[in-house]
Amino acid sequence: VDDLVQSGGTLIECQKLLSRLGAVKVSAYCTHGVFPGNSWKRFTASSGAGGQGFHKFFLTDSCPQTAAAVEGTEPFEILSLARPIAEALHM
């Protein structure tokens, strides 16, 4: 779990450690996926950079450009913030 991800290096290191310690599946959640320079590609199976060890990577659409770029790409799953924000505004 991370609030903001840019390069993703910390999450990849955590995934490696958890796998070494016996985790069968590792998933990640991040609220704001900034990912400058398309660094989200480190998390795809074709990257070869270690990010392919994630079962799922849950990401909100708070950064719409990133959400659009990763949509439909494994292991990413986009979570919309529209409903929670709308519900909060209708208190």
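Residues numbered from 1 in each chain as written. Predicted model: local features only at pLDDT ≥ 70, side-chain atom pairs only at ≥ 80, totals over all residues. Heavy atoms only, no water.

(A) Expanded view of the pattern of salt bridges. In this structure the tally under the stated criterion is three salt bridges. For Lys-16, the salt bridge goes to Glu-13, with nearest N and O atoms at 3.6 Å. Of this pair, Lys-16 and Glu-13 both sit in helix α1 (residues 9-20), separated by three residues, roughly a single helical turn. On the basis of relative accessible area, Glu-13 is assigned to the partly exposed category, the value being 48%. (Salt bridge = Lys/Arg side-chain N within 4 Å of Asp/Glu carboxyl O. Helix = DSSP H or I, 4+ residues; strand = E, 2+ residues; numbered from the N terminus. Buried < 20%, exposed > 50% of the residue type's maximum accessible area, 1.4 Å probe, protein only.)

(B) Inspection of the nonpolar core at higher detail. Counting 14 residues, the largest nonpolar core has Leu-11, Phe-35, Phe-43, Phe-54, Phe-57, Leu-59 and Phe-76 as the members making the most contacts within it. Within the residue set of this core, elements represented by two or more residues are α1, β2 (26-33) and β3 (54-60). Apart from residues no more than four positions distant in its own chain, Phe-57 is found in contact with Leu-11, Ala-28, Cys-30, Phe-35, Phe-43, Pro-75, Phe-76 and Glu-77. (Core = buried A, V, L, I, M, F, W, Y, C linked by side-chain atoms within 4.5 Å. Contact = heavy atoms within 4.5 Å.)

(C) Broad picture of the sheet that holds strand β1 (residues 2-5). Taken in spatial order, the four strands line up as β1-β2-β3-β4 in an open sheet, and their pairing is parallel. At either end of the open sheet lies a strand with only one pairing partner, and these are β1 and β4 (76-79). Put simply, the sheet's adjacent strands are angled 40° from each other on average, direction ignored. Here β3 runs beside β4; their pairing, made up of four bridges, is parallel. (Pairing = 2+ DSSP bridges. Axes fitted to C-alpha atoms, helices over the stretch in contact; angles between N-to-C directions.)

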